[in-house]
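Understanding the architecture of this molecule
One-letter residues, chain by chain:
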Amino acid sequence: MYQKGHYGVSLLVFAPIAFVLLLFEHAELAVVVGATMLSFAMLPDLDHRVPGIPHRGPTHSFAFAALVGGVFGAAGFALETAAGNAGALDVGTVLGGVSLAAAGFGLGALTVVAHLLGDAVTPAGVNFLWPFSTRTYTLGLWRADNTIANYGLLAIGVFATAAAVYLGAAF
Ligand SMILES: [Zn+2]
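Report on the accompanying structure.

The rules we used
- Residues numbered from 1 in each chain as written.
- Predicted model: local features only at pLDDT ≥ 70, side-chain atom pairs only at ≥ 80, totals over all residues.
- Heavy atoms only, no water.
- Donors = N, O, S within 2.8 Å, 3.2 Å for Na, K, Ca; no water.
- Tetrahedral: all angles 85-135°; square planar, octahedral: opposite > 155°, others 65-115°.
- Helix = DSSP H or I, 4+ residues; strand = E, 2+ residues; numbered from the N terminus.
- Buried < 20%, exposed > 50% of the residue type's maximum accessible area, 1.4 Å probe, protein only.
- Expected span 1.5 Å × (residues − 1).
- Arc of directions from axis to C-beta.
- Salt bridge = Lys/Arg side-chain N within 4 Å of Asp/Glu carboxyl O.
- Polar contact = N/O pair within 3.5 Å; in protein donor to acceptor, adjacent residues only side chain to side chain.
- Contact = heavy atoms within 4.5 Å.

Looking at the coordination of the zinc ion
- Every protein donor of the zinc ion is accounted for by Asp45 (OD), His60 (NE2), His115 (NE2) and Asp119 (OD), and the metal-donor separations fall at 2.0 to 2.2 Å.
- For the zinc ion, the four donor atoms in the first shell make angles of 89 to 174° at the metal, so the coordination geometry reads as irregular.
- Taken in chain order, the donor set of the zinc ion reads D-x14-H-x54-H-x3-D. Here Asp119 lies in helix H5 (residues 100–120) and Asp45 lies in the loop between helix H2 (27–39) and helix H3 (62–86), a separation of 74 residues in the sequence. Neither Asp45 nor Asp119 differs from the other in exposure class; each is buried.

Some details on the environment of Gln3
- One can find Gln3 in helix H1 (residues 3–23).
- Between the C-alpha atoms of Gln3 and Ala41, which are 38 residues apart in sequence, the distance is 8.2 Å.

Brief notes about H2
- Compared with the 18 Å implied by 1.5 Å per residue over 13 residues, the 18 Å span of H2 between its first and last C-alpha is a close match.
- All of the buried residues along H2 are Leu29, Ala30, Val33, Gly34, Thr36 and Met37. Viewed along the axis of H2, the buried residues span an arc of 165°, placing them on a single side of the element. Among the exposed residues of H2, those oriented more than 90 degrees off its buried face are Val31 and Ser39.

Section: the pattern of salt bridges
- Under the counting rule described, the total for this entry stands at two salt bridges.
- Where Arg56 meets Asp119, a salt bridge forms, and the shortest distance between an N and an O atom there is 3.1 Å. A residue pair is termed long-range when its members are at least 10 positions apart, and Arg56 in the loop between H2 and H3 and Asp119 in helix H5 qualify at 63 residues.
- Judged by its relative accessible area of 13%, Arg56 is buried.
- With a shortest N-O distance of 3.0 Å, Asp145 and Arg143 are connected by a salt bridge.
- With relative accessibility at 35%, the residue Asp145 sits in the partly exposed group.
- Classification of Arg143 as exposed rests on a relative accessible area of 55%.

Examining the side chain of Thr59
- By the element assignment, Thr59 lies in the loop between H2 and H3.
- Of note is the side chain of Thr59, whose polar atom sits 3.0 Å from the side chain of Asp47.
- If we skip the residues at most four places from it in the chain, Thr59 touches Pro44, Asp47, Phe64 and Leu116.

Written as structure tokens, this is what we have:
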């Protein structure tokens, strides 16, 4: 998909997470997760700009999701260590026992997977299992440049997130 469609799919994936985080009164975490998922929603499409990497090749795979998860996890670990040393943050309490490294890994991987889902609806598909297989998987619903699909996904994503925030804050 194009950027709008990807934002829409990312918001759709984010909506249930936002709901749960708000339910447990972690609005600040919901903001961080949402902002990160949107900021990096187009990361796999860097392959347009890096010479020698085919579009929808290596960066459109679970392997790349794991790689990005690893980077985010390392950042989380560093943050956790630094904040812990400074006594600034009791991460265990904030995340209900989940380490910031694990949360970072999940966030990074999920951000990429959301992008892959957005591309999997288009006929060109996604080679999720690269490098083990170059087979592409697709739902074949719309072409990536379909204007209605891109705006439609964005609208659905915004609506889902708004509903999740409303409900999560209400309970
Ligand atoms: Zn893509």
